Amino acid sequence: MSECFCALTFTLLFITVASVEAATCPDTDALALSWLDKMSRNSQQLSYHGVATLQRGGDLQVLQFSHLESQDDSSESLIKLTGQGAQVERAPHPLDCIHPGQQLLRMGDALQASDCDMARQYRFSVVGDGRVAGRDTVQIEVVPRDMYRFGYLLYLDKETGLLLKSETIGHGHKVLEKFQFARLSYSEAVPSVNGIVVSHQAKHPDALNPAISAPVSRDWGVNWLPRGFMPTDTSFGTSGRRTYTDGLAVFSVFLEDLNREMRPGEGLVRQGGTTSYTRGMLIAEEPVLVTIVGEVPVNTARMVADSIAWEH
Amino acid sequence: MTDDMRESLSAVMDGEANELEMERVLKHAVTDEETRATWTRYHLARHSLNGGSLAHLDWDISEQVRSALLEEHTAGSAPVSTGFKQRVLRPMASFAVAASVAATIVIGGQQIAQVGNADRYDRNQAVAISPPPAGIVNIEGANPVQASYGMQSIPVLQPTTRTAYRDLAEQRLNKYSQQHAEQAALNSPQGLLSYARVPQIRE
């Protein structure tokens, strides 16, 4: 795990960031950016556990989170207290392993270089405060500057910067998804839970041995991304999946070779803020099925699907 | 263009606009040069992505959409916008979730799989602003690709094909959401919450 994939990503990211020309950040609240910075830096370095709810449309889930921090790493788990009774555990994750999405939120240095970074994609502002799970929070409004991503209302713990509540906002100020802690405790004593049926160990990408699941026959690429999105992996090859993040939103593109042509068309399913968009199409005469799964609007998925091509 | 207008336009592109929003956008697009230009720009972007010729794009989109809408209304067919709830509550097709595309085609997608018929959809029939999920995007090499974004003139899909593709999208969500969550958990501020969006966690 010491050969963390992040070391590679970090270099990549540095180049990307450095190549972006400096610009002024219009109508951006520096205070809001510093809060996001704090959230990204601190959230890995806290010990806490709590019960939270996730509301998506008519569906309400109750979840238990726990996060344990030690000197060099942190481990965490999520337990679905309703529904499936599933548990997801993450083995100790090095604190110095910073993934692209987390790095994007750490705008402290970028700000000093008057490099707007994420502020080019979103308008951030501190809009108020309030209490969540008995903690004082600061409320940050995140408004997208284009139509390729959703907006958010984030409530961060005033003391620790931990994200205690978030609302995903679609067009027309419609709340697509609401997450919030109901109870939270900053301690290391994690309550035990009975009735766990399925336990999953969260995987961690490995730069040296990238897991290529469901490979496709040829190299392929996505030729259009909304501004500010970058890959979460360092190498792709013939992997059937590509994932991209802008720091807040994440979407994955899956490509499948088809052994026969199918009637071209597209289908869409939405659950809360998650879009699943599937398109059967031809790329240079070869039939493929493209699926985009992620927390982005459907027009983003469509555009991305349009831009997929074989490489070379 | 005002923020409200941008939002309505976004809704139209998302296929989520209600009739009021749709009317507003159309009205604006007729009178407001900027709104119209924005539409055209998106179409151009999409068009060039597909290597299409730009010569075909100099049309008045709002006019096209408007006439499509009118045809929809006068034909008395399905409403322009279907509510999210309606779509979610729509009874699922009866075929089971299959593990592969091939299986899906066999079990559920007779309609999808029927290729080879030269006239797989009638390009002359009335265009429609279709509520998602809908719309064939014209991807066949020789013909210029018409711009989409959920509001372009798209061939009307057979309802059965539409249903099959919707179910395919649902099936793929189940299949891929855990892989997506693996990545999202490490690259978004919500961390492990990403896994809560996975319908069925697998070991």
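Just so you know, the residues in each chain are numbered from 1, in the order the chain's sequence is written. Chain A is the first chain written and ligand 1 is the first ligand written, with later ones labelled in order. For this predicted model, a pLDDT threshold of at least 70 governs which residues receive local features, and a threshold of 80 or more governs which side-chain atom pairs are given and counted, while totals over whole chains, interfaces and linings are taken from all residues. The side-chain values count all of the structure's non-hydrogen atoms but skip hydrogen atoms and water molecules.

Student: Help me out: how do you make sense of the overall build of chain B in this one?
Tutor: The numbering of helices and of strands both runs from the N terminus, where a helix is a DSSP run of H or I of at least 4 residues and a strand a run of E of at least 2. Summing up its helical and strand segments, chain B has nine helices and zero strands in all. In sequence order, chain B lays out its α and β elements as α-α-α-α-α-α-α-α-α. Of all 203 residues assigned to chain B, the portion counted as buried reaches 50%. Contacts in chain B between residues at least 24 apart in sequence constitute 56% of all its contacts with a sequence separation of at least 6. Accessible surface computed for chain B: about 9,200 Å², of which carbon and sulfur atoms make up 54%. Burial classification: accessible surface area is computed with a 1.4 Å probe over protein chains only, and a residue below 20% of its type maximum counts as buried, one above 50% as exposed, and the rest as partly exposed. For this analysis, residues touch if any pair of their heavy atoms sits within 4.5 Å. Each accessible area is a Shrake-Rupley result for a 1.4 Å probe, and residues are judged covered by the shown protein chains and nothing else.

Student: Teacher, can you tell me more about the packing of aromatic side chains here?
Tutor: Both the distance between ring centres and the angle between the ring planes are used here to describe each pair of aromatic rings. All names here are of chain A. Working definition: rings of Phe, Tyr and Trp (its six-membered ring) pair if their centres are within 6.5 Å, and the pair is stacked with planes under 30 degrees apart, edge-to-face with planes over 60 apart, and tilted otherwise. Considering all chains together, one arrives at 11 aromatic pairs over all chains under this definition. With a centroid separation of 6.4 Å and an interplanar angle of 70°, the aromatic rings of Tyr48 and Tyr186 are classed as edge-to-face. Remark: Tyr186 occurs in the loop between strand 9 (175-185) and strand 10 (198-201) and Tyr48 occurs in strand 1 (residues 48-56); sequence separation between them is 138 residues. Relative accessible area serves as the criterion here: at 9%, Tyr48 is assigned to the buried category. Arranged with centres 5.8 Å apart and planes meeting at 50°, the rings of Tyr122 and Phe124 form a pair that is tilted. Taken individually, Tyr122 and Phe124 each receive the classification buried, so the pair is uniform in this respect. Through successive ring pairs, a cluster of aromatic residues spans Tyr48, Phe65, Phe179, Phe181 and Tyr186. Both a distance and an angle decide whether a charge sits over a ring: NZ of Lys or CZ of Arg must be within 6 Å of the ring centre and within 35 degrees of the ring normal. If you follow Arg149 out to its NZ or CZ, it ends over the ring of Tyr122, 5.7 Å from the centre.

Student: Looking at this structure, how should I read the side chain of Thr278 of chain A?
Tutor: Structurally, the position occupied by Thr278 of chain A is in strand 16 (residues 274-283). Given the relative accessible area of 0%, Thr278 of chain A is considered buried. Here the side chain of Thr278 of chain A touches Thr291 of chain A through a polar contact of 3.2 Å, side chain to side chain. Not counting chain neighbours up to four residues away, the residues in contact with Thr278 of chain A comprise Gly265, Glu266, Gly267, Leu289, Val290 and Thr291 of chain A together with Tyr165, Leu168, Ala169 and Arg172 of chain B. Here a polar contact is recorded for every N or O atom pair within 3.5 Å, except that within protein the pair must consist of a potential hydrogen donor and a potential acceptor, and residues adjacent in sequence are included only if both atoms are side-chain atoms.

Student: Hey, could you run me through the nonpolar core in this one?
Tutor: General note: in soluble globular proteins, nonpolar side chains tend to be found buried as a group. For this analysis, a nonpolar core means a set of buried residues of the types Ala, Val, Leu, Ile, Met, Phe, Trp, Tyr and Cys, connected via side-chain atoms within 4.5 Å. In terms of nonpolar packing, the biggest core is built from 50 residues, with Phe124, Val253, Leu255, Val290, Ile292 and Ile308 of chain A touching the most fellow members. Residue contacts for Ile308 of chain A: discarding those within four places in its chain leaves Trp220, Gly221, Val222, Val253, Leu255, Met281, Ile283 and Val290 of chain A. Core analysis: the next-biggest nonpolar cluster, separate from the first, contains 27 residues, Phe179 and Phe181 of chain A together with Tyr195 and Ala196 of chain B among them.

Student: Would you mind going over the sheet that holds strand 15 (residues 265-271) of chain A with me for this structure?
Tutor: Sheet strands pair by backbone hydrogen bonding; their relative direction is either parallel or antiparallel. All names here are of chain A. Strand pairing follows a simple DSSP-based rule, namely that at least 2 bridges must link the two strands. Here six strands make up an open sheet; going across it, the order is 12-13-14-17-16-15 and the pairing antiparallel. The open sheet has two edge strands, strand 12 (230-231) and strand 15, and neither has a second partner. Relative to strand 13 (residues 241-245), strand 12 runs antiparallel, the two sharing two bridges. Within strand 13, the position partnered with Pro231 by the bridge is Tyr244. In the packing of helix 5 (residues 298-306) onto the sheet, the strands contacted are strand 14 (250-257), strand 15, strand 16 and strand 17 (286-294), and the crossing angle to strand 16 comes to about 25°. Axis definition: a line fit to C-alpha positions, over the contact stretch in the case of helices; interaxial angles, taken between N-to-C directions, run 0 to 180 degrees.

Student: I keep staring at the sheet that holds strand 7 (residues 151-157) of chain A and nothing clicks. Help me out?
Tutor: Residue and element names in this part refer to chain A. Across the sheet, which stays open at both edges, the 10 strands sit in the order 5-6-7-8-9-1-2-3-4-10 with mixed pairing between neighbours. The open sheet has two free edges, formed respectively by strand 5 (122-132) and strand 10, since each of these has just one partner strand. Shown here is a sheet whose adjacent strand axes are inclined to one another by a mean of 20°, direction ignored. As defined by bridge partners, strand 1 adjoins strand 9 across eight bridges and the pair is classed as antiparallel. Across the sheet, the residue bridging to Ala52 is Phe181, located in strand 9. Packed on one face of the sheet, helix 2 (residues 30-42) meets strand 5, strand 6 (135-144), strand 7 and strand 8 (163-169) and runs near 70° to strand 5.

Student: Any chance you could explain helix 2 of chain A here in plain terms?
Tutor: Three or four residues apart is the spacing at which side chains of an α-helix point the same way, because the helix has 3.6 residues per turn. Residue and element names in this part refer to chain A. How far a helix is expected to stretch is found by multiplying one less than its residue total by 1.5 Å. Under the 1.5 Å per step criterion, the end-to-end length of helix 2 is 18 Å for 13 residues, consistent within 8% with the ideal 18 Å. Within helix 2 the residues assigned to the buried category are Ala32, Leu33, Trp35, Leu36, Asp37, Met39 and Ser40. Where helix 2 begins, one side-chain oxygen reaches toward the backbone nitrogen of Leu31, 3.0 Å away; that side chain belongs to Asp29.

Student: It is not clear to me how the confidence of the model for chain B should be interpreted in this structure. Could you clarify?
Tutor: Detailed conclusions should not be drawn from predicted coordinates in areas where pLDDT is low. All names here are of chain B. Think of pLDDT as the predictor's per-residue confidence, scored from 0 to 100. Here chain B averages 54 in pLDDT, while 28% of its residues score no lower than 70. The weakest mean pLDDT in chain B belongs to helix 6 (residues 101-107) at 31; the strongest belongs to helix 9 (residues 193-196) at 95. Under a pLDDT of 50 for its full length, residues 45-156 has, in the predicted model, 200 contacts with residues more than four places off or in other chains. As scored by the predictor, the complex reaches a pTM of 0.69 and an ipTM of 0.89.

Student: Before we go on, may I ask you to explain the pattern of salt bridges in this structure?
Tutor: Two side chains that carry opposite charge are able to pair once their charged atoms sit near each other. Put simply, a salt bridge is a Lys or Arg side-chain nitrogen that is within 4 Å of an Asp or Glu carboxyl oxygen. A full pass over the atoms with the stated rule returns 19 salt bridges over all chains. Two residues, Asp246 of chain A and Arg149 of chain A, come together in a salt bridge whose shortest N-O distance is 3.1 Å. Here Arg149 of chain A lies in the loop between strand 6 and strand 7 and Asp246 of chain A lies in the loop between strand 13 and strand 14, a separation of 97 residues in the sequence. Taking the shortest distance from any N to any O, the salt bridge between Lys175 of chain B and Glu256 of chain A comes out at 4.0 Å. Highlighted residues: Lys175 of chain B in helix 8 (residues 159-187) and Glu256 of chain A in strand 14, drawn from two different chains. Salt bridges linked by common partners bring Arg56 and Glu177 of chain A together with Arg197 of chain B together as one network.

Student: In this structure, what is going on with the environment of Asp72 of chain A? I would like to understand it.
Tutor: Residues and elements named next belong to chain A. Mapping Asp72 onto the fold places it in the loop between strand 2 (59-69) and strand 3 (73-80). Separated by 23 residues in the primary sequence, Asp72 and Leu95 place their C-alpha atoms 5.7 Å from one another. Apart from residues lying up to four places away in sequence, Asp72 is in contact with His93, Pro94 and Leu95.

Student: Can you walk me through the pairing of strand 1 of chain A in this structure?
Tutor: Side-chain direction in a regular strand flips from residue to residue, so the side chains alternate between the two faces of the sheet. Residue and element names in this part refer to chain A. Burial runs high along strand 1: seven of the nine residues are buried. In this sheet, strand 2 lies alongside strand 1 in antiparallel orientation, the contact comprising nine bridges. Within strand 2, the residue paired with His49 across the bridge is Ser66. The hairpin turn running from strand 1 into strand 2, its antiparallel successor, is two residues long, and Gly57 in that turn takes a positive phi close to 60°.

Student: What exactly am I supposed to notice about the pairing of strand 13 of chain A here?
Tutor: Residues and elements named next belong to chain A. Buried residues dominate strand 13, accounting for five of its five residues. The alternating pattern of strand 13 places Arg241, Thr243 and Thr245 on one face and Arg242 and Tyr244 on the opposite face, and all of these are buried. In the sheet, strand 13 pairs with strand 14 via five bridges, with the strands oriented antiparallel. From the neighbouring strand, Arg242 faces strand 14, where its bridge partner is Val253. Count of turn residues in the strand 13/strand 14 antiparallel hairpin: four residues, of which Gly247 carries a positive phi of about 105°.

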